[in-house]
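# Structure assessment
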Amino acid sequence: MPTGLDNLKHIVVLMMENRSFDHMLGSLTAVNPNIDGITADLSNPDTKGNPVAPQPKAQYQSQLQPDPDHHFPAVDLQIFGGSTDPNRQANMQGFVKSYFNQQQDVGHSQNIMYYFTQKQLPVLTILATEFAVFNRWFASIPGPTVCNRAFAHYGTSFGRVDMNPFEILEPFKSVYERLINATPKHTAKLYYYDTTSSTIEVVNLLQNQPELFGTYQQFLQDCASGNLPDYSFVEPNYSDHATSSGEQIASDQHPDHNVQAGELFVASVYNAIKQNADLWASTTLLIVYDEHGGIYDHVPPPSCTPDQFTASANDTGTGMPFAFDRLGVRVPAILVSPWIPSGTVVNNVFDHASIPATVTKYFLGDFSPRSPRETSANLFLDPNQNLLSLGEMRTDCPDFST
Amino acid sequence: MTVIKVPALDLKQSAYDPNRPISSLLKTQVEHLHVAEKRLPSRYHCEIYVNAIRTEGEAANYIRAVTEAIHAAHKEAAALRVTPAHKRGIEIAAVADERSECQRKPRAVKKNGKSAKGRGRA
C-alpha cells in the first residue's frame, strides 16, 4: 500500500450545502486548464431565447432570492432544458428557464449563471489548487438535500427523491453502524455545529442513535487532543442563531446564507486538523457539497448503475419514474491530505455513494449488504488509483489565518 | 509555509438575521424533528407550534428544544437500563417509582436546569 494510505487513520467528510461546481470553482480553469470549469463557449437560453453566458458576478449573499428550485422536476428542467422526449439528452440548458419560473423576471433569472472569482473564495481556491480537485463529483440524485445526504450516510436514499422523512430499509445499514458494530470495533461520529443547528439526519440517526453525534466544539477538542474517530462527518451551521457565546452566522452556504461565512468554516475545519501534527499526517479531509442548489453547471450528469429502488412518476413529479440510473448535477469536491501532490485533478466519476463505499472499504474491507449504487461507486481512496501518492509528506501546505 | 489570510466577514453584507424567513431546508428540518418529537414521551414535548414557525430564529429555537429533548430522553433511558436487576416484587415497585418521578418532572430537563416549557419562539 502506498505511504499516504499506510499512514491514514482518519477520514473526515465536510458536507456543505447547495452550490454547483461551476459556481464555486469554475473560475479555476483560467489558472489550470485541466480543471473543467467556465469557458467562453458556455451559455443558457433565457425565456426570450437570448443566450446568457456565465459571468463572474456572484455575490456572497442577497443575490439568490428566492432560493433556486432544486426539487426533482426543476432539476429535470435544468438538466434537459425542458425536453420530455424519451430519447432526450442531458444538455444543461434549462437553468435560466427554471429560475425564471420562480419570479417571471428575465433579468433576475440570469443570476443563476453567476460564478465566484478566485479572489472571492480564497479558501476553496487554495485547497482546490494545492490538493486534489474532482472534475466529476456529482450529486447522487438530480434532486434536493435530504435524499442526496442519504446517499452519503447509507449509499442509497431507499427510493426517495424528495425532502420527506424516509425509513432505513433492511438489510442496509448506515456507514456509522457498520463501523461501530464491526470486529474489531471502529469509531465514527457525526458532528453537527451545535444543538440549535442540529443535523439533517433526524428521523433515523439522531432519533435512534443520538450517541453518534457531537458538536463542532467537540470536533475541535477531539482534533486538538488526538481523539478524532476513525470516521467523522461534519455538518455546518444551518441557521443564524444566538447562543451564550454570541451570534452564530449560518456557515452552510445554502442560498441565501453568506458564502464567506462558509469559507471561514471550511478554513476552521482544515486548521483544526492541520494544527495537530500527528492528526494532519494521518487524516484525509473531503470537502463536498450535497447538491447544486439549482445553480448552473455545464457538465451533463452521466448515467449510472440503477439502484434497486424506483421512484414512481407521482413521486418524481415529472410524469416519469426514476430508477436512480442518472446522477445529479456536478458539485465542488476537494480531497485534502499532505500526501497529495499539489495541483492534482481527478477525472473519474464520483457521487455521494462513494463516501460510504470508500470509508467502508478502507476500514472494513469487503462488506455486504450494500446498495447497487454504493457497490458500483468509485472509491476516492482506491489503492489502484492512489491520490495520496507522495513518498514523503509535504511540508509546504498552506495555513489559513482567520 | 504559505499563510493565507482569509478576509473577515463583511458585516454590511452578511448581517446576522434570525428574522430571515425560514428556508425550505430549515422547514424540512423542523418537520423531521416534529416527527421525532411526536415519538418522545409527552414530558419531553416543547409545546412550540411548528405550523406557526416563520423565521430562522423561530426554527432554531424549536430545533434546539427537540434536539436537546432527544438527547435527554435517550440519556434517561440509558440510566434506567443500567439499573441492576431486582427481584420481581421490587421491579414492580421500581416501575411505580419511575412513573411517579416522570409525573413530577415538569418538562424536559435542560443543561441549565430550565424546563423546555415556556421557551417561546424568538
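As a starting point, this report considers the structure included with it. (Residues numbered from 1 in each chain as written. Chains lettered and ligands numbered in written order. Predicted model: local features only at pLDDT ≥ 70, side-chain atom pairs only at ≥ 80, totals over all residues.)

### With respect to the pairing of strand S12 (residues 333-336) of chain A
Residue and element names in this part refer to chain A. Filter applied, for reference: Buried means a residue has 20 or more other C-beta atoms within 10 Å of its own C-beta, exposed means 12 or fewer, and partly exposed covers the counts in between; C-beta atoms are placed from the backbone. Numbered from the N terminus, helices here are DSSP runs of H or I no shorter than four residues, and strands are runs of E no shorter than two. Between any two strands, at least two bridges found by DSSP are needed for them to pair.
Judged by which residues are buried, S12 turns out to be covered on both faces: Ala-333 and Leu-335 on one side and Ile-334 and Val-336 on the other are all buried. With four bridges joining them, strand S11 (residues 283-289) and S12 adopt antiparallel strand pairing. Counted as the bridge partner of Ile-287 is Ile-334 from S12.

### Observations concerning helix H10 (residues 216-225) of chain A
Residues and elements named next belong to chain A. Here is the rule: Within this analysis, the arc is defined by the directions that extend from the helix axis to the C-beta atoms. Distance between backbone-placed C-beta atoms decides contact: two residues are in contact if it is within 7 Å.
Residues of H10 that are buried: Tyr-216, Phe-219, Asp-222 and Cys-223. The arc that holds every buried residue of H10, seen down its axis, measures 110°, which confines them to one face. Summarising the geometry of H10, the exposed residues directed more than 90 degrees from the buried face are Gln-217 and Ser-225. Looking at the buried side of H10, the elements it contacts are strand S6 (188-192), strand S7 (213-215), strand S8 (231-234), helix H11 (259-274) and helix H12 (277-281). Gly-226, located one to two residues past H10, shows a positive phi value of around 75°.

### Topic: the interface of chain B and chain A
For clarity, the cut-off: Residue polarity follows a fixed list, in which Ala, Val, Leu, Ile, Met, Phe, Trp, Tyr, Cys and Pro are nonpolar, Asp, Glu, Lys and Arg are charged, and the others, Gly among them, are polar.
Across the contact, 36 residues belong to chain B and 39 residues belong to chain A. Mapped onto the side of chain B that touches chain A, the elements with two or more residues apiece are strand S1 (3-5), helix H1 (24-38) and helix H2 (56-81) of chain B. The greatest single-element share of the side of chain B that touches chain A, amounting to 11 residues, is contributed by H2 of chain B. Tallied by class, the residues present in the side of chain B that touches chain A amount to 16 nonpolar, 12 polar and eight charged. Sheet topology places strand S15 (residues 399-401) of chain A next to S1 of chain B; three bridges connect them, and they run parallel. Across the sheet, the residue bridging to Asp-399 of chain A is Val-3 of chain B, located in S1 of chain B.

### A closer look at the environment of Trp-339 of chain A
All names here are of chain A. Relative to the assigned elements, Trp-339 resides in the loop between S12 and strand S13 (344-346). Along the primary structure Trp-339 and Thr-187 are separated by 152 residues, whereas in three dimensions their C-alpha atoms are 23 Å apart. In contact with Trp-339, other than residues within four places in its own chain, are Thr-3, Gly-4, Leu-388, Leu-390 and Met-393.

### Some thoughts on the sheet that holds S13 of chain A
All names here are of chain A. As a reminder, the rule being used: Where helices are involved, their axes are fitted lines through C-alpha atoms of the stretch in contact, as for all axes, and angles between N-to-C directions lie from 0 to 180°.
Pairing in this open sheet of eight strands is mixed, and the strands run S7-S6-S8-S1-S11-S12-S4-S13 from one edge to the other. Each of the sheet's edge strands pairs with one partner strand only, and the pair in question is S7 and S13. When strand polarity is set aside, the average angle formed by the axes of neighbouring strands in this sheet is 20°. Pairing geometry for S6 and S8, over four bridges, is parallel.

So, to be careful, I would describe these as geometric facts and stop short of saying anything about function.
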